[in-house]
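# Structural features, examined
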Amino acid sequence: MKRPKITVIGAGHVGEMCAQYAATKEVADVVLVDVIEGMPQGKALDLYQAAPIEGYDAKLIGTNSYEDTAGSDVIIITSGIPRKPGMSRDELLETNVKIVWDVTKKSVEHSPNAVLIVVTNPLDAMVYTAWKASGFPTNRVVGQAGMLDIARFAAFISMEIGCSVKDIRAMLLGGHGDDMVPLPRYTTVCGIPVTQLIPAGKLDEIVTRTRNGGAEIVRLLKTGSAYYAPSAGTIAMAASIIYDQKRILPCAAYCDKEYDVGGYFVGTPTMLGANGVERVIEVELNAREKDMFAGSVKHVKQLCAETEKVLSKR
Ligand SMILES: NC(=O)c1ccc[n+]([C@@H]2O[C@H](COP(=O)([O-])OP(=O)(O)OC[C@H]3O[C@@H](n4cnc5c(N)ncnc54)[C@H](O)[C@@H]3O)[C@@H](O)[C@H]2O)c1
């Protein structure tokens, strides 16, 4: 059997951590790509040299050439600029559309059967860009945001209750940004709705902190954005695809009739397997949640319109 292969484009903070999680968890062999000469090669070699100590079996190479990425099962796109304090994700759009378009074109040429996982921000617009650039069917293009957002929600719930993170199943919908739609009534701790365990006021504070979770880290780091949790989420998605695990994970997936979105990538629970997004799961929403979701989708549509403007100038 052929060894599974993941290409990670962009060997910055998120890219290098994706490589590390993929290798140490033995999800796949890894090709790390960046425009900076020597940097992906150095990081991949260092990670390879950690393998005898940690005892993981994964081959890693770093490169500046897309030929080395040929035949990848999953391509993870992290290339682009991150936020600085005070910046919104949307301010990254123009620069990152061009980068994501370019790296998608180059990588799919060598891996026409891969599944693309996009991480670069503003996420929902970058998934749209990668889809357009790749010409792939919608099931083979997906974005990582929900994994990070539910992980933040779960971490804050565990801090509040003092319980293990392992027993928390958090849930949210919508775009990656301040208008995400956390769903406390679908969030459980060992099957018990979290609404029974945390008073409403405190839960509202946790929801607000989750919405602003990215900005909180950007403010603390001062030079860049989060990378441990986003990378962990991305590799969980890659593993579900490579090993056909059919896990139900929140991802930015193409929704047309689903929730009446009309053909955009938005955050929703999805089933991830060998064919990429194998199913989009529609969650029943009450009037307030529908309103929040509609606001989130409107924002995604605005971002995609901006993306189209940048692409039309090419
Ligand atoms: N979706 C999410 O949940 C999430 C979470 C964290 C970060 N992000 C986003 O991921 C992106 C990367 O973040 P980071 O912290 O790793 O940034 P970073 O600056 O550490 O790394 C980005 C890397 O991309 C490389 N790059 C730029 N243009 C390239 C090109 N054309 N080809 C190949 N490589 C190229 C850069 O050289 C750099 O090494 C940002 O847009 C950030 O906002 C998304």
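Please read all numbers here as calculations on a predicted model, not as lab measurements.

The rules behind each value
- Residues numbered from 1 in each chain as written.
- Predicted model: local features only at pLDDT ≥ 70, side-chain atom pairs only at ≥ 80, totals over all residues.
- Heavy atoms only, no water.
- Helix = DSSP H or I, 4+ residues; strand = E, 2+ residues; numbered from the N terminus.
- Rg over C-alpha atoms; globule rule 2.2 N^0.38 Å.
- Buried < 20%, exposed > 50% of the residue type's maximum accessible area, 1.4 Å probe, protein only.
- Contact = heavy atoms within 4.5 Å.
- Near = heavy atom within 4 Å.
- Polar contact = N/O pair within 3.5 Å; in protein donor to acceptor, adjacent residues only side chain to side chain.
- Areas by Shrake-Rupley, 256 points an atom, 1.4 Å probe, with all protein chains shown as cover.
- Axes fitted to C-alpha atoms, helices over the stretch in contact; angles between N-to-C directions.
- Parallel < 35°, antiparallel > 145°, perpendicular 65-115°, else oblique.
- Left-handed = near helix turned anticlockwise from the far one by under 90°.
- Nonpolar A, V, L, I, M, F, W, Y, C, P; charged D, E, K, R; others polar.
- Core = buried A, V, L, I, M, F, W, Y, C linked by side-chain atoms within 4.5 Å.
- Patch = residues over 30% accessible without salt bridge, like charges linked within 9 Å, V, L, I, M, F, W, Y side chains within 5 Å.
- Salt bridge = Lys/Arg side-chain N within 4 Å of Asp/Glu carboxyl O.
- Pairing = 2+ DSSP bridges.

## Points about the overall build of the protein chain
Counting secondary structure elements, the protein chain contains nine helices and 14 strands. For the protein chain, whose C-alpha radius of gyration is 19 Å, the value lies close to the compact-globule estimate of 20 Å for 314 residues. Principal-axis analysis of the C-alpha atoms gives the protein chain an extent of 50 × 50 × 40 Å. Across the 314 residues that make up the protein chain, the buried fraction comes to 53%. Here the contacts in the protein chain between residues at least 6 apart in sequence split such that 69% fall between residues at least 24 apart.

## Topic: the site of the ligand
Lining the immediate environment of the ligand, one finds 28 residues, of which Val14, Asp34, Ile81, Val119 and Gln144 sit closest. At 3.5 Å, a backbone N or O of Gly12 approaches an oxygen atom of the ligand. The contact in question runs from an oxygen atom of the ligand to an N or O atom on the backbone of Val14, over 2.8 Å. About the coverage of the ligand: the protein hides 89% of its 860 Å² of free accessible area.

## A word on the packing of helix α1 (residues 13–24) against helix α8 (residues 228–242)
Direction vectors running N to C along α1 and α8 enclose 50°, while the axes themselves pass 8 Å from each other. Our classification of the angle between α1 and α8 gives oblique. Pair α1 / α8 crosses with right-handed handedness. From α1, Val14, Met17, Cys18, Tyr21 and Ala22 reach across to α8, where they touch Tyr228, Ser231, Ala232, Thr234 and Ile235. Within the contact of α1 with α8, the residues separate by chemical class into eight nonpolar, two polar and no charged.

## As for the nonpolar core
In terms of nonpolar packing, the biggest core is built from 84 residues, with Ile6, Ile76 and Phe293 touching the most fellow members. Ranked by the residues each element gives to this core, the list is headed by helix α4 (residues 123–134), at eight residues. For Ile76, the contacting residues outside a window of four places in its chain are Ile6, Thr7, Val8, Ile9, Cys18, Ile117, Val119, Thr234 and Ile235.

## Things to note about a nonpolar patch on the surface
Together, Ile161, Ile192 and Leu197 line one region of the surface with nonpolar side chains, adding up to about 210 Å² of accessible area. Mapped onto the fold, Ile161 is located in helix α5 (residues 146–161).

## Here's the deal with the sheet that holds strand β7 (residues 168–169)
Taken in spatial order, the three strands make up an open sheet running β7-β10-β11, and their pairing is antiparallel. Taken across any chain shown, the strands that pair with only one partner, and hence form the sheet edges, are β7 and β11 (192–193). Strand direction decides the pairing type here: strand β10 (residues 188–189) and β11, joined by two bridges, are antiparallel. Counted as the bridge partner of Thr188 is Pro193 from β11.

The quantities given are spatial measurements derived from coordinates; they are silent on function.
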